[in-house]
Amino acid sequence: AQIADKMPMPQPIETVAAATFEQLITKREADNTAEVLRLEAAKAAALPGVVVVGADTRSLSVTGSSSEVPMVIEPPVRSSGRARLWILLAVVALAVSGVIAYQFLVNPTHEVPDLVGLSEGEARNSVAAYNWTIILAAERSDEIPQGNIVRTDPATGTKLEEGKDFTIYISDGPTLSPLPDVAGLSVQDATDQLAAVGLVVTTTEAGSEDVPVGNVISWIVPDQPALVTGDKVLKGTSVELAVSSGPALREVPLIVGMTLEQATALAGNLRLTLVASEPALTNAAGKDLIGAQAPVPGTQVARDSTLLYSISLGPDLVKLPNIVGNSYPTVEKRLLEAGFVVGKVTGKKAFRLREASSGGVRVNNGDMLPRGAVIDLTFP
């Protein structure tokens with residue numbers, strides 16, 4: 001190809017049906033000889049005193065004024081037709097050898113076909129004839145089904161020599177989603193973040209002392225509870241959010257009978273606030289102890305609620321009215337007016353009261369008893 005523009009234009013090839021190839025070569029040599037003789041005759045005629053006598057396909061005769069002896073000019077000696085045939089065959093053999101050597105020295109190249117979406121088997125069959133070294137690699141894809149081709153390296157349309165590495169990336173399924181830390185966010189913001197990475201959100205309510213109402217206290221993957229922030233899961237995985245409903249309600253404790261210091265510590269642990277009321281006589285607790293409270297024990301109240309208390313000034317004693325020896329209607333009326341409670345009644349109420357007791361202990365008219373004490377009555 002490099003010397004083609006320097007070579008003479010090719011001559012038409014004559015039909016060889018009527019003659020052998022060797023005869024054709026001989027005729028062509030004769031034609032070439034005649035051309036040479038004509039050229040030599042033209043050169044000789046240009047010399048002074050030279051006359052061209054005659055010429056054929058083999059020699060040329062000329063005479064000059066200085067001599068009558070003809071001078072014969074022979075054409076250049078040419079190789080025989082057989083020699084030219086061997087030269088031609090040698091050239092052809094050399095060309096064929098060059099082509100073969102080129103094929104050995106230069107690897108052929110092939111264009112990478114589009115394999116995206118094919119199965120592994122289909123992709124391998126498509127490039128089997130290209131003699132590439134196939135390398136398989138896994139890569140996740142949200143668009144390509146698991147087991148099909150995601151991409152190749154080199155990419156589609158690239159020229160690649162035989163023997164070179166050709167990497168096929170096979171889908172390993174959908175991409176994984178990292179678990180974000182949504183603790184402390186509002187339930188709406190947390191839901192938006194999780195949905196943006198393809199995760200499903202469920203919620204439950206829970207009390208919290210520190211997280212505002214409506215914000216996320218914590219989260220968990222129910223199917224994989226050991227997962228933490230940054231771990232990756234498949235899209236569609238469910239994440240459960242614990243949403244704050246605020247501080248839990250407190251159950252009012254019993255503080256009657258405690259010292260003020262004991263009651264303060266207990267209320268502080270429950271984050272309730274103690275507020276004092278006027279001290280009073282009470283039979284519920286001894287002097288200087290808490291003798292009354294409000295609300296009553298067991299009531300459910302919110303955190304930081306107020307708990308009233310009163311310090312006892314001692315027992316509230318009342319004189320037992322004159323009841324022994326009186327009829328039941330009189331006894332009942334006098335006890336209630338004095339602040340006592342009528343307890344168990346035995347015997348016949350038609351008779352006069354024979355005996356009174358409180359807490360299993362016999363009492364008499366005029367005894368000092370705690371206000372509100374229960375008085376049991378015995379009739380004959």
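Structure first, text after, so check above.
Reading the values: rules and limits
- Residues numbered from 1 in each chain as written.
- Predicted model: local features only at pLDDT ≥ 70, side-chain atom pairs only at ≥ 80, totals over all residues.
- Heavy atoms only, no water.
- Core = buried A, V, L, I, M, F, W, Y, C linked by side-chain atoms within 4.5 Å.
- Buried < 20%, exposed > 50% of the residue type's maximum accessible area, 1.4 Å probe, protein only.
- Helix = DSSP H or I, 4+ residues; strand = E, 2+ residues; numbered from the N terminus.
- Contact = heavy atoms within 4.5 Å.
- Pairing = 2+ DSSP bridges.
- Axes fitted to C-alpha atoms, helices over the stretch in contact; angles between N-to-C directions.
- Polar contact = N/O pair within 3.5 Å; in protein donor to acceptor, adjacent residues only side chain to side chain.
- Phe/Tyr/Trp six-rings, centres within 6.5 Å; stacked < 30°, edge-to-face > 60°.
- Lys NZ or Arg CZ within 6 Å of the ring centre and 35° of its normal.

(A) Region of the structure containing the nonpolar core. In terms of nonpolar packing, the biggest core is built from 16 residues, with Leu-320, Ile-323, Leu-335, Phe-340, Ile-375 and Leu-377 touching the most fellow members. Elements with a minimum of two residues in this core: helix 6 (328-338) and strand 24 (374-378). Per-element accounting of this core gives the leading share, 4 residues, to helix 6. If we ignore the near neighbours within four places in the chain, the residues touching Ile-323 are Val-331, Arg-334, Leu-335, Leu-353, Ala-356, Asn-365 and Ile-375. Grouped together as the second largest cluster of nonpolar side chains are 12 residues, Val-182, Val-216, Trp-219 and Val-221 included.

(B) The sheet that holds strand 18 (residues 306-311), seen in detail. Read from one edge to the other, the open sheet built from 3 strands follows the order 15-18-16, with strand pairing classed as mixed. Since the sheet does not close on itself, it has two edges, and those belong to strand 15 (273-276) and strand 16 (290-294), each with one partner. Averaged over all adjacent pairs, the angle separating strand axes in this sheet is 35°, with direction ignored. Where helix 5 (residues 260-269) meets the sheet, it contacts strand 15, strand 16 and strand 18, and its direction lies at approximately 145° from that of strand 15.

(C) Expanded view of the environment of Asp-316. Mapped onto the elements of the fold, Asp-316 is located in the loop between strand 18 and strand 19 (317-319). Residue Asp-316 is classed as buried on the basis of its relative accessible area, which comes to 15%. Remark: the alpha-carbon pair of Asp-316 and Leu-369, spanning 53 residues in sequence, is separated by 8.2 Å. Setting aside residues up to four positions removed in sequence, Asp-316 forms contacts with Leu-281, Thr-282, Asn-283, Leu-369, Pro-370 and Arg-371. Here Arg-371 takes part through its side chain, which lies 2.6 Å from a polar atom of the side chain of Asp-316.

(D) Broad picture of the pairing of strand 8 (residues 165-171). Where burial is concerned, most of strand 8 is hidden: 6 out of the 7 residues are buried. Where strand 5 (residues 133-139) and strand 8 come together, 7 bridges link them in parallel fashion. Its bridge partner lying in strand 8, Ile-134 is registered against Phe-166. As paired strands, strand 6 (residues 149-153) and strand 8 are joined by 4 bridges and run antiparallel to one another. Paired with Arg-151 across the strands is Tyr-169, a residue of strand 8.

(E) Layout of the packing of aromatic side chains. Applying the stated criterion across every chain, the model contains 3 aromatic pairs. Judged by centre distance (4.8 Å) and plane angle (45°), the rings of Trp-132 and Phe-166 are tilted. Of this pair, Trp-132 sits in the loop between helix 3 (120-127) and strand 5 while Phe-166 sits in strand 8, placing them 34 residues apart in sequence. Accessibility assignment for this pair places Trp-132 and Phe-166 in one class, buried. Each member of the aromatic cluster is reached from another via a ring pair, and the members are Tyr-130, Trp-132 and Phe-166. Positioned above the aromatic ring of Tyr-169, the side-chain terminus of Arg-151 is 3.8 Å from the ring centre.

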